[in-house]
Amino acid sequence: MARNDGMDVMEFDGQACSLTQPSPLPRDPVPAMAYVPFQQYDARNLYSAEQALQNGTLFPELHKPFYGQRGEPR
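Being a predicted model, the structure only gives us computed values, none of them experimental. Counting restarts for each chain, with residues numbered from 1 along the sequence as it is written. Two thresholds apply to this predicted model, a pLDDT of at least 70 for residue-level local features and 80 or more for giving and counting side-chain atom pairs, whereas whole-chain, interface and lining totals are computed over all residues. Values shown for side chains rest on all heavy atoms present in the structure; no hydrogens or waters enter the calculation.

A. Structural detail: the overall build of the chain. Helix and strand counts for the chain stand at one helix and three strands. Going along the chain from the N terminus, every DSSP run of H or I of four or more residues is numbered as a helix, and every run of E of two or more is numbered as a strand. Its helices and strands in sequence order give the chain the pattern β-β-β-α, from N to C terminus. Out of the 74 residues in the chain, the part that is buried amounts to 4%. Excluding contacts between residues fewer than 6 apart, the proportion of contacts in the chain whose partners are at least 24 apart in sequence is 0%. About 7500 Å² of surface is accessible on the chain, with carbon and sulfur atoms providing 55% of the total. Buried means the residue's accessible area, taken with a 1.4 Å probe over protein chains only, is under 20% of the maximum for its type, while exposed means over 50%, and partly exposed covers the values in between. Only heavy atoms enter the contact rule, under which two residues are in contact if any of them lie within 4.5 Å. Methods summary: accessible areas were calculated by the Shrake-Rupley approach with a probe of 1.4 Å, and residue burial reflects only the protein chains presented.

Structure (structure tokens):
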């Protein structure tokens, strides 16, 4: 990050940013609270090695395919 001399412009990763424009981010962000349920491990219900590589996970509970906007597999 480097500031240009005598100007209200800051350069970040080659992109010029104005220091006088309001930020799209809030001044005082509020921390979020997340709920993540415990995963129930069931050794009898695992994907085979081939299925796990294809689905990106060994656990069927974690297989959440992205269907896109129209609900069709991509």
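B. Expanded view of the pattern of salt bridges. Here, a salt bridge means any Lys or Arg side-chain nitrogen found within 4 Å of an Asp or Glu carboxyl oxygen. Evaluation of the coordinates by the stated rule reveals one salt bridge. For D42, the salt bridge identified is with R44, shortest N-O distance 3.1 Å. What makes R44 exposed here is its relative accessible area of 77%.

C. The arrangement of a nonpolar patch on the surface in detail. Taken together, the side chains of Y41, L46 and L58 define a hydrophobic patch exposed on the protein surface, amounting to about 290 Å² of accessible area. Mapping L58 onto the fold places it in the segment after α1 (49–55). The exposure class assigned to L58 is partly exposed, which follows from its relative accessible area of 37%. To count toward a patch, a residue needs a relative accessible area over 30% and no salt bridge; like charges are then connected within 9 Å, while nonpolar side chains (Val, Leu, Ile, Met, Phe, Trp, Tyr) are connected within 5 Å.

D. View of the side chain of T57. Among the structural elements, T57 can be located in the segment after α1. Not counting the four nearest positions on each side in its chain, T57 is found in contact with Y47, A52, L62 and H63.

E. Just the confidence of the model for the chain, in detail. As a per-residue measure, pLDDT reflects the predictor's confidence and takes values from 0 up to 100. Put simply, the chain has an average pLDDT of 77, and 66% of its residues get 70 or more. Taken element by element, the chain is modelled with least confidence in strand β1 (residues 2–3), mean pLDDT 48, and with most confidence in α1, mean pLDDT 95. Across residues 1–5 the pLDDT falls below 50, and counting only partners more than four positions away or on other chains, this stretch makes eleven contacts in the model.

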